[in-house]
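Letter by letter, the chains look like this.
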Amino acid sequence: MAAFSFFQVLAVCICLLMGFSIADDPTVSFDFVVSYITASPLGVPQQVIAVNGKFPGPTINVTTNNHVIVNVRNKLDEGFLIHWAGIQQRRSSWQDGVLGTNCPIPPKWNWTYQFQVKDQIGSYFYFPSLNFQRSSGGFGSFIINNRVIIPVPFDTPHGDIPIMIGDWYTQNHTALRRTLNGGKELGMPDGVLINGKGPYRYNDSLVAEGIDYETITVEPGKTYRLRVSNVGISTSLNFRIQNHNLLLAETEGSYTVQQNYTSLDIHVGQTYSFLVTMDQNASSDYYIVASARFVNETVWERVIGVAVLHYTNSKGKASGPLPPPPQDQFDKTYSMNQARSIRWNVTASGARPNPQGSFRYGSINVTEVYVLRNKPPETIDGKQRTTLSGISFANPSTPIRLADQYKLKGIYHLDFPTKPLTGPPRVSTSVINGTYRGFMEVILQNNDTKVHTYHLNGYAFFVVGMDYGEWTENSRGTYNKWDGVARSTAQVYPGAWTAILISLDNVGVWNLRTENLDSWFRGQETYIRVVNPESNNKTEFPMPDNALFCGELKKLQKPQDVSPATSVTDEKQKWFLGFMLMMSGLLSLLV
């Protein structure tokens, strides 16, 4: 009987081991040391923010459903947070890395992010969200690959190449924010960087000697996936590669209908994936260009990023004039029509083995409508501020999510207006009260003189319409209710509107903001608070053990814990080891 019981128990142990192994998702860990270094991307030595001594920082490369652990050591002289732009942080706004949900990581501290990239694929980037720090660097690419069992709607590329483009100033973030705090505008950038490097010397009078430029080496006849992110401050950029087509395949986690472009406008905060086939004769290298849009090109002729596409069999250096940008100085609809042409591939699988378009967003009843209007900077209480619907957001000293956890009153107000205020603008910590499992329509009306891009943390929303003029109820008749692309960042042209639809299924407190860093810094943001009235750990993870405290709760902050971080998977492994030891003891008794 004892022998039979031994095999019974052994079978149970084996089954549990198999179930444990199959059910658990892999964990990937990263160590980030954030520090200042001196670099000269435009030929002028300046202070930049590096991650692990690199500028830009290292690429995070993971797979759908991975648990991600990032231990951050802050070696700056001020507080720091990393935001994972476009990563949806399912059920865990505690890991979002913005002031509304997290206290800053103090100087000389370690802090560990832990989250799961649940049911996500695609191209994103991370960056510092505080104190205008993104203007000095600290950013890097974030890639989420499909699981092997999920088909991808194109052949496996020969290579996968992240490219980070963005406008750049030779002053660091502390000098730039002093300019903004002093009520002045930043003015024209000093240049455009490609992967943290300045322009190739395509023109001796415009580009100084000795500037390090980016070279991307490719093999002839091969197809590569280029993931291009605009990580800049406020400048829309046109991206193009001399003599090569850009086959758009994915943007911010959604596969798109595959279309060829000779160039594409990439606005601040946006990321696109292109498939580029190296089908030229390699008589010389080719230019890769990122140039400013919607500006006086004569005045801005120095503000241009140029890298080099180098075939392994190239016969010479790139030379001659750059490929021209879109010739649409007198056609303000060109860029908008290009944006409208980007559509969701509703037959492709995403992170799960079902078509992306099976969501059928166009048949869902809208439960909440918000019209958000921006304006150029205004003077409020003696300071230059920016607004959404007449409200300039003031970040509270105690994060909103932390205030909810400890039931603090008066930290914020759930009174954000559904329509723009008609009275004078005001500064307030005013938050949108979202209804859990509601379906929200947001109209972004841009009354500023420049393009804005708007980003919502924790969600992918559906971009269903955009047009010039004022949005009206009749504008809904122009919406794309079938294959509008799902993404986390959408541009709004000056004097125009963009409409998005959001399924409020992710519990937490989520930042809605302009990605234009100068306007974000001065108050053009709010938060959407989504609460499940039936509190449980299934719709939102509990507050992490390593949560930081500040503001009214700063007395709760314990001294820094220097022990290694413990992940969710570590806890499972400890449990399983204890279980096996218990079973081992039971087996010894039976035998």
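Our subject is the structure listed above.
Residues numbered from 1 in each chain as written. Predicted model: local features only at pLDDT ≥ 70, side-chain atom pairs only at ≥ 80, totals over all residues. Heavy atoms only, no water.

**Student:** What exactly am I supposed to notice about the pattern of salt bridges here?
**Tutor:** If the charged atoms of two oppositely charged side chains come close together, the side chains can form a pair. Per the counting criterion, the structure on display carries 22 salt bridges. Salt-bridge contacts for Arg 293 lead to Asp 265; the nearest nitrogen and oxygen are separated by 2.7 Å. With Arg 293 in the loop between strand E18 (286-292) and strand E19 (304-311) and Asp 265 in strand E16 (residues 263-266), this pair connects stretches of sequence that are 28 residues apart. Arg 340 is the salt-bridge partner of Asp 467, the closest N and O atoms lying 3.3 Å from each other. In this pair, Asp 467 is assigned in strand E28 (residues 461-468) and Arg 340 in helix H3 (residues 334-340), connecting sequence segments 127 residues apart. By relative accessible area, Asp 467 is classed as partly exposed at 31%. Overall, Arg 340 belongs to the partly exposed group, its relative accessible area being 38%. (Salt bridge = Lys/Arg side-chain N within 4 Å of Asp/Glu carboxyl O. Helix = DSSP H or I, 4+ residues; strand = E, 2+ residues; numbered from the N terminus. Buried < 20%, exposed > 50% of the residue type's maximum accessible area, 1.4 Å probe, protein only.)

**Student:** I tried to follow the packing of aromatic side chains on my own but got confused; where do I start?
**Tutor:** The geometry of an aromatic ring pair comes down to the distance between the two centres and the angle between the two planes. What the rule picks out here adds up to 27 aromatic pairs. On the numbers, 5.5 Å between centres and 70° between planes, the contact of Phe 132 with Phe 521 is edge-to-face. Remark: Phe 521 occurs in helix H5 (residues 517-521) and Phe 132 occurs in the loop between strand E7 (122-128) and strand E8 (140-145); sequence separation between them is 389 residues. Judged by relative accessible area, which is 27%, Phe 521 ranks as partly exposed. Between Arg 293 and the ring centre of Phe 294, over which it is positioned, the NZ or CZ distance is 4.7 Å. Above the plane of the ring of Trp 520 lies Arg 513, whose end atom (NZ or CZ) is 4.3 Å from the centre. (Phe/Tyr/Trp six-rings, centres within 6.5 Å; stacked < 30°, edge-to-face > 60°. Lys NZ or Arg CZ within 6 Å of the ring centre and 35° of its normal.)

**Student:** What is the right way to look at the state of the cysteines in this model?
**Tutor:** In a disulfide, the sulfur atoms of two cysteines are covalently bonded to one another. Per the stated rule, a full pass over the model turns up one disulfide. Here Cys 103 is linked by a disulfide to Cys 550, with a sulfur-sulfur distance of 2.1 Å. Where Cys 103 bonds to Cys 550 through sulfur, the torsion about that S-S bond is close to -85°, and the disulfide is left-handed. Pair noted here: Cys 103 is in the loop between strand E5 (82-85) and strand E6 (110-116) and Cys 550 is in the loop between strand E33 (525-531) and helix H6 (568-590), with a separation of 447 residues, a long-range link. Overall, the relative accessible area of 15% leaves Cys 550 in the buried class. (Disulfide = S-S within 2.5 Å.)

**Student:** Sorry if this is basic, but what is going on with the sheet that holds strand E10 (residues 191-194) here?
**Tutor:** Strands belonging to one sheet form pairs held by backbone hydrogen bonds; the direction of such a pair is parallel or antiparallel. In spatial order, the strands read E10-E9-E12-E17-E14-E15; together these six strands make up an open sheet with mixed pairing. Edge strands, defined here as strands with exactly one partner in the open sheet, are E10 and strand E15 (254-261). Here the average twist between neighbouring strands, direction ignored, is 25°. (Pairing = 2+ DSSP bridges. Axes fitted to C-alpha atoms, helices over the stretch in contact; angles between N-to-C directions.)

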